[in-house]
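Breakdown of the fold
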Amino acid sequence: MMPRIVAAETLDGLAVDDPAAMRSRRDLRRVHHAMGTRSIVHRALRDAAAARRKTGPLRVLELGAGDGSLMLGVARALAPAWPQVELTLLDAQALVDRATIKRYGELGWHVVAKVGDVLNWAASASDPLLPDRATARWDLIVSNLFVHHFEGAQFAALLNAIAARTDRFFACEPRRAWLALAGSHLIGAIGVSAVTREDAVLSVHAGFRGNELTALWPTQTVDWQLREYSAGLFSHCFRAERVGVNA
Ligand SMILES: C[S@@+](CC[C@H](N)C(=O)[O-])C[C@H]1O[C@@H](n2cnc3c(N)ncnc32)[C@H](O)[C@@H]1O
């Protein structure tokens, strides 16, 4: 058994313009390539919103979005089926550059990058990022390599806020398993920096397995269709959809 251990990751403690942080963020693209994240997320999102009946733009929020480049790759694959998307990228650091926003725009996706702590977003009485705060919900909230940062009461508060504010949630996180742990120790082979090598191992220890996210998901007031599964060699995915949202 591998108990779940959540520890602060090195990258999160570095200043946005620290060269080691900049290098590690670039490394993330290689890491995603090795993990096959883009196609895992693309498949899940394509399926998640396939039956959507509502008209108008799809409103999507990514939590802990980083520089937005992973979702941009997913957006390129989804754009033919999802031509109208309003995407909000939330991260604790200002990492999304104009060129990235322009590339989203070329796909017809309208992107807004917001800087803030996800825990503050979760703690606010109504969603400060939604244009229509009082009634509307996101069609979809997404997180990639992100919710494994949290545990305990903070994680419960975050999941509660997500569940209250969206019709669908999808997370693609590290899988806490021996193969993923071995992979994280060998990740230097793809040429990543010391910070990334260290954080990769921490991420696997903080990752998920089995039905752990299902057990933590708040189901008291709303019926949800939940699915939790392994994807690729190293990823663990969780999908939640409100029952009846496509009716
Ligand atoms: C491992 S990176 C993943 C980035 C992106 N989702 C991806 O997959 O490429 C984790 C991101 O979470 C952000 N982050 C960490 N703690 C946060 C918090 N409390 N609120 C918002 N963002 C946070 C970091 O700044 C970082 O960009």
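Residues numbered from 1 in each chain as written. Predicted model: local features only at pLDDT ≥ 70, side-chain atom pairs only at ≥ 80, totals over all residues. Heavy atoms only, no water.

Helix 8 (residues 194-206) packs onto helix 7 (residues 178-185) with a crossing angle of 170° between their chain directions and a minimal axis gap of 8 Å. Taken together, helix 7 and helix 8 sit at an angle that is classed as roughly antiparallel. In contact with Ala180, Leu181, Ser184 and His185 of helix 7, helix 8 contributes Arg197, Ala200, Val201, Val204 and His205. Broken down by class, the residue content of the contact of helix 7 with helix 8 amounts to 5 nonpolar, 3 polar and 1 charged. (Axes fitted to C-alpha atoms, helices over the stretch in contact; angles between N-to-C directions. Helix = DSSP H or I, 4+ residues; strand = E, 2+ residues; numbered from the N terminus. Parallel < 35°, antiparallel > 145°, perpendicular 65-115°, else oblique. Contact = heavy atoms within 4.5 Å. Nonpolar A, V, L, I, M, F, W, Y, C, P; charged D, E, K, R; others polar.)

Once that is clear, we can look at the sheet that holds strand 4 (residues 140-144). Sheet strands pair via backbone hydrogen bonds, and the direction of the pair is either parallel or antiparallel. If you trace the 7 strands from one edge of the open sheet to the other, you get 3-2-1-4-5-7-6, paired in mixed fashion. In this open sheet, the two strands that pair with only one neighbour each are strand 3 (109-115) and strand 6 (224-231). Adjacent strand axes in the sheet meet at a mean angle of 15° when their direction is disregarded. Across the face of the sheet, helix 2 (residues 37-48) comes into contact with strand 4, strand 5 (168-174), strand 6 and strand 7 (235-242) while running at roughly 160° to strand 5. (Pairing = 2+ DSSP bridges.)

Its identity as a non-glycine residue notwithstanding, Leu145 has a phi of 45°, on the positive side. As for its placement among the helices and strands, Leu145 is situated in the loop between strand 4 and helix 6 (152-165).

Right, let's get into the packing of aromatic side chains. In the structure shown here, the tally under the stated rule is 8 aromatic pairs. Measuring from centroid to centroid gives 5.5 Å for Phe169 and Trp217, while their planes differ by 5°, and the two rings are stacked. Of this pair, Phe169 sits in strand 5 while Trp217 sits in the loop between helix 9 (212-216) and strand 6, and the two are 48 residues apart along the sequence. An aromatic cluster is present here, built from Phe169, Trp217, Trp224 and Phe238 joined pairwise through their rings. Across the ring face of Trp121, the terminal group of Arg165 is positioned such that the distance to the ring centre comes to 4.8 Å. (Phe/Tyr/Trp six-rings, centres within 6.5 Å; stacked < 30°, edge-to-face > 60°. Lys NZ or Arg CZ within 6 Å of the ring centre and 35° of its normal.)

Attention now moves to the site of the ligand. Within the structure, the ligand sits among 19 residues, and His32, Gly64, Asp91, Val118 and Asn144 are positioned closest to it. Contact between the ligand and His32: an oxygen atom at 2.8 Å from a side-chain N or O atom of the residue. Between a nitrogen atom of the ligand and a main-chain N or O atom of Ala92, the distance comes to 3.0 Å. Surface burial for the ligand is 91%, taken as the share of its 600 Å² of free accessible area covered by protein chains. (Near = heavy atom within 4 Å. Polar contact = N/O pair within 3.5 Å; in protein donor to acceptor, adjacent residues only side chain to side chain. Areas by Shrake-Rupley, 256 points an atom, 1.4 Å probe, with all protein chains shown as cover.)

On to helix 1 (residues 19-35), then. Here helix 1 is 17 residues long and its end C-alpha atoms lie 24 Å apart, about the 24 Å a rise of 1.5 Å per residue gives. Every buried residue of helix 1 is listed here: Ala21, Ser24, Arg25, Asp27, Val31, His32 and Met35. In the core, the buried residues of helix 1 are packed alongside helix 2, helix 3 (69-78), helix 8 and strand 7. Measuring from the side-chain oxygen of the N-cap residue of helix 1 to the backbone nitrogen of Ala20 gives 2.8 Å; that N-cap residue is Asp18. (Expected span 1.5 Å × (residues − 1). Buried < 20%, exposed > 50% of the residue type's maximum accessible area, 1.4 Å probe, protein only.)

Before going further, it helps to examine the environment of Thr219. As for its position among the elements, Thr219 is in the loop between helix 9 and strand 6. Separated by 151 residues in the primary sequence, Thr219 and Gly68 have C-alpha atoms spaced 30 Å apart. Setting aside residues up to four positions removed in sequence, Thr219 forms contacts with Trp224 and Leu226.

Next up on the list: the confidence of the model for the protein chain. Confidence in the prediction of the protein chain, expressed as mean pLDDT, is 94, and 96% of residues score 70 or more. Mean pLDDT values over the elements of the protein chain span from 93, in helix 2, up to 98, in helix 5 (residues 118-123). (pLDDT = per-residue confidence, 0-100.)

The tally for this structure, following the rule as stated, stands at 8 salt bridges. A salt bridge links Asp167 to Arg242, with the nearest nitrogen and oxygen atoms 3.6 Å apart. Of this pair, Asp167 sits in the loop between helix 6 and strand 5 while Arg242 sits in strand 7; the two residues are 75 residues apart in sequence, bridging distant segments of the chain. For the salt bridge of Glu212 with Arg176, the shortest nitrogen-to-oxygen distance reads 2.8 Å. (Salt bridge = Lys/Arg side-chain N within 4 Å of Asp/Glu carboxyl O.)

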